[in-house]
Amino acid sequence: GENVEQHPSTLSVQEGDSAVIKCTYSDSASNYFPWYKQELGKRPQLIIDIRSNVGEKKDQRIAVTLNKTAKHFSLHITETQPEDSAVYFCAASTDTGKLIFGQGTTLQVKP
Amino acid sequence: DSGVTQTPKHLITATGQRVTLRCSPRSGDLSVYWYQQSLDQGLQFLIQYYNGEERAKGNILERFSAQQFPDLHSELNLSSLELGDSALYFCASSVDMITEAFFGQGTRLTVV
């Protein structure tokens, strides 16, 4: 069935370092891969997304890469700041729009 | 503010009861999704509606049901509630089925 595996479950970095979160999806029909940031008690907010016809996308300090062959996509955050601390979710969907989420990564950025 | 409105924000009810959660999508969005987030858990897809019709179902319990009305708002009905149903329930909406989804602030349901 549809499944998205996300690693690591927790990640602690020093301010200014880079953080990388990796996800693997199972449904080869998946063609849309968003990343959401969720702060404690708040709603998930889209931070970046990528479609299957693109291999990489960047938005300031955030970038996402996609390897369709390996069914693997990753989130890269550079120059991390304390306000980047949150739970990050990857997701995958097909043309139905239904998002299948990974289990989440709790990122802690230490000042 | 994402433009997706969920009511109520908080709900406390007893086991065995029935509740209704409401979601108003962003103006112009036809697709509505419901997700459940239990404590320390990820986001579990429950059900999706598009322009009034059910389009996809996830691991939604038989005690749960939903619908999308002609004005595009959606309701999630949870019945015979159990302690384990305590969770954050999120609604999300998107213009169609291939564009980004925006989440509401969620309804925190506590079953006691």
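Cut-offs applied
Once a new chain begins, its residue numbering starts again from 1 and follows that chain's sequence as written. Chains and ligands are labelled sequentially in the order written, the chains with letters from A and the ligands with numbers from 1. Totals for whole chains, interfaces and linings use every residue, but because this is a predicted model, local features are given only for residues with pLDDT of at least 70 and side-chain atom pairs only at 80 or more, for both listing and counting. As a rule here, side-chain values come from all non-hydrogen atoms in the structure, and water together with hydrogens is ignored. Here a salt bridge means any side-chain nitrogen of Lys or Arg lying within 4 Å of a carboxyl oxygen belonging to Asp or Glu. The buried label applies to any residue whose accessible area, calculated with a 1.4 Å probe on protein chains only, is under 20% of its type's maximum; exposed applies above 50%, and partly exposed to all values in between. At least two DSSP bridges between two strands are needed for those strands to be called paired. In this text, helices come from DSSP runs of H or I with a minimum length of four residues, and strands from runs of E with a minimum of two, each type numbered from the N-terminal end.

1. Considerations on the pattern of salt bridges
So, point 1. Going through the model one piece at a time under the given rule, you end up with 8 salt bridges over all chains.
So, point 2. A salt bridge links A:Lys57 to A:Asp49; its shortest N-O distance comes to 2.9 Å.
So, point 3. Of the residues examined, A:Lys57 reaches a relative accessible area of 36% and is grouped as partly exposed.
So, point 4. As a salt-bridge pair, B:Asp29 and B:Arg26 come within 2.8 Å of each other at their nearest N and O atoms.
So, point 5. The exposure class assigned to B:Asp29 is buried, which follows from its relative accessible area of 1%.
So, point 6. Residue B:Arg26 is classed as partly exposed on the basis of its relative accessible area of 22%.

2. Points about the pairing of strand E5 (residues 45–51) of chain A
Residues and elements named next belong to chain A.
So, point 1. Two strands pair when backbone bridges link them, and strand E4 (residues 32–38) and E5 are joined in this way by 6 bridges, in the antiparallel orientation. Directly across from tyrosine 32, in E5, lies its bridge partner arginine 51.
So, point 2. In this structure, the hairpin formed by E4 and E5 is closed by a connection of 6 residues, where glycine 41 is found at a positive phi of approximately 75 degrees.

3. A short note on the environment of A:Leu40
All names here are of chain A.
So, point 1. On the secondary structure map, leucine 40 appears in the loop between E4 and E5.
So, point 2. Given the relative accessible area of 86%, leucine 40 is considered exposed.
So, point 3. Sequence-wise, leucine 40 and serine 85 are 45 residues apart; in three dimensions their C-alpha atoms are separated by 9.8 Å.

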